[in-house]
Amino acid sequence: MILSVAAAVGAAIAYAVSTIMQAVATRRAHGLAAMAQPLVIGGLLLDGAAWLLSLLALDHLPLFVVQAVVASSLVAVVVLARLVLGATLRRADVVAIGVVVAALVVLALSAGEQPATEPPAGFTTAMIVAGLALLAGVGLAYRRGHPVLLALLGGLGYSVAAIAARGAHASGGLLDTVLQPLALAIVASGAAGVLGYLRALEKGGVGSVAATVSVVEVLVPGAVGLLVLGDVVRDGWAVPAAVATALAVAGCVALATSPANAAAEEPAPPGGEQAAAPEPT
């Protein structure tokens, strides 16, 4: 279980570093030209490594723990944005970081040993249908959809991808995950997550979009894991786990509204370089 916790934390850090790398890249190039930036390519590779680490974490941890840890990548994003991009860090951000870290410790302690439970009958079909429906929904909402709707669809896309990965991973190792029908659900819902999230960021405020995605991708997979996939909480730890989940989500929402998170998620304005910071007084 210690290895699984380390893998989940590693996934969160990898996602955060990827976000900062891509933020720096968008300050050097825009549009399709940004895709050729080494930092963007490296960031995409880090995203893939983070996903593999999250699969490793699911070996012994329930979905509610893994998703909470992954969502806490906002902690590392805010800290790195302060160090790398010179973004503002509020006192509230420092408090939120402490709350999230403490909540994650409680969640890790509350997790029971993750059983390799086979998904129920009809699970694969439901996940494929959900993934394709979300991808179609993002396509329909892409041009005129409200940013919150797009963020909700993106968060649900990430959620279904995590749920499908958990169900697929219960049947074997990584190769088994890739070669079974649930891989279609993972790809479709993952694409819906990425497209919905990026479009929501383009049309709406960073804080509301990131907060919506964070809440959805923690609560939805966590609930499905407990109710459908046999995830367990240690005896006597149900209330602490519920409180810790609520605190972790609240902390992530607070960090989603941080100026540091906005600096990491918002591309630089057209015209090239980031605006110079004011001289200290």
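For clarity, every value in this text was computed on a predicted model and none was experimentally measured. (Residues numbered from 1 in each chain as written. Predicted model: local features only at pLDDT ≥ 70, side-chain atom pairs only at ≥ 80, totals over all residues. Heavy atoms only, no water.)

**Re the overall build of the protein**
Phase 1 of the analysis: Helix and strand content of the protein: twelve helices and zero strands.
Phase 2 of the analysis: Going through the 281 residues of the protein one by one, you find that 48% of them count as buried.
Phase 3 of the analysis: Look at the contacts in the protein between residues 6 or more apart in sequence, and 85% of them connect residues 24 or more apart.
Phase 4 of the analysis: If you sum the accessible surface of the protein, you get close to 12,900 Å²; carbon and sulfur atoms cover 72% of it. (Helix = DSSP H or I, 4+ residues; strand = E, 2+ residues; numbered from the N terminus. Buried < 20%, exposed > 50% of the residue type's maximum accessible area, 1.4 Å probe, protein only. Contact = heavy atoms within 4.5 Å. Areas by Shrake-Rupley, 256 points an atom, 1.4 Å probe, with all protein chains shown as cover.)

**Description of the layout of surface pockets**
Phase 1 of the analysis: Computed from the structure, the second largest pocket encloses a volume of approximately 210 Å³.
Phase 2 of the analysis: Along its surface, the second largest pocket is lined by 16 residues, and Val9, Ala12, Val69, Ser72 and Leu104 are the ones closest to its centre.
Phase 3 of the analysis: Residue contributions to the lining of the second largest pocket peak at five residues, all from helix α1 (residues 2-25).
Phase 4 of the analysis: For the lining of the second largest pocket, the residue count by class is 14 nonpolar, two polar and no charged. (1 Å grid on protein atoms, 1.4 Å probe; cavity = no way out; pocket = protein on both sides within 12 Å on 5 of 7 lines; lining within 4 Å. Points joined across faces, edges and corners; volume = space filled by probe spheres on them. Nonpolar A, V, L, I, M, F, W, Y, C, P; charged D, E, K, R; others polar.)

**Considerations on the side chain of threonine 19**
Phase 1 of the analysis: Along the polypeptide, threonine 19 turns up in helix α1.
Phase 2 of the analysis: Leave out the neighbours within four places in its chain, and threonine 19 touches Val77, Ala264 and Glu265.

**Structural notes on the confidence of the model for the protein**
Phase 1 of the analysis: Averaged over all residues, the pLDDT of the protein is 85; the fraction at 70 or higher stands at 86%.
Phase 2 of the analysis: Per-residue pLDDT, averaged within each element of the protein, yields its smallest value for helix α8 (residues 174-179) (64) and its largest for helix α6 (residues 123-141) (96).
Phase 3 of the analysis: For residues 271-281, every residue scores under 50 in pLDDT, and the model assigns this stretch six contacts once sequence neighbours within four places are set aside. (pLDDT = per-residue confidence, 0-100.)

**A few points about the packing of aromatic side chains**
Each aromatic ring pair is specified by the distance between its two centres and by the angle formed by the two planes.
Phase 1 of the analysis: Enumeration over the complete set of coordinates arrives at one aromatic pair.
Phase 2 of the analysis: Measuring from centroid to centroid gives 6.3 Å for tyrosine 158 and tyrosine 197, while their planes differ by 65 degrees, and the two rings are edge-to-face. Taken together, the positions of tyrosine 158 in helix α7 (residues 147-169) and tyrosine 197 in helix α9 (residues 182-203) put the pair 39 residues apart, joining distant regions of the chain. (Phe/Tyr/Trp six-rings, centres within 6.5 Å; stacked < 30°, edge-to-face > 60°.)

**Observations concerning the nonpolar core**
Phase 1 of the analysis: Counting residues in each nonpolar core, the largest one holds 73 residues, and the members touching the most others are Leu85, Leu107, Met127 and Leu255.
Phase 2 of the analysis: It is α7 that contributes the most residues to this core, nine residues altogether. (Core = buried A, V, L, I, M, F, W, Y, C linked by side-chain atoms within 4.5 Å.)

**Details of the side chain of aspartate 231**
Phase 1 of the analysis: Here aspartate 231 lies in the loop between α10 (206-227) and α11 (238-256).
Phase 2 of the analysis: Within the local environment of aspartate 231, its side chain forms a polar contact with the side chain of arginine 166, the two groups lying 3.0 Å apart. (Polar contact = N/O pair within 3.5 Å; in protein donor to acceptor, adjacent residues only side chain to side chain.)

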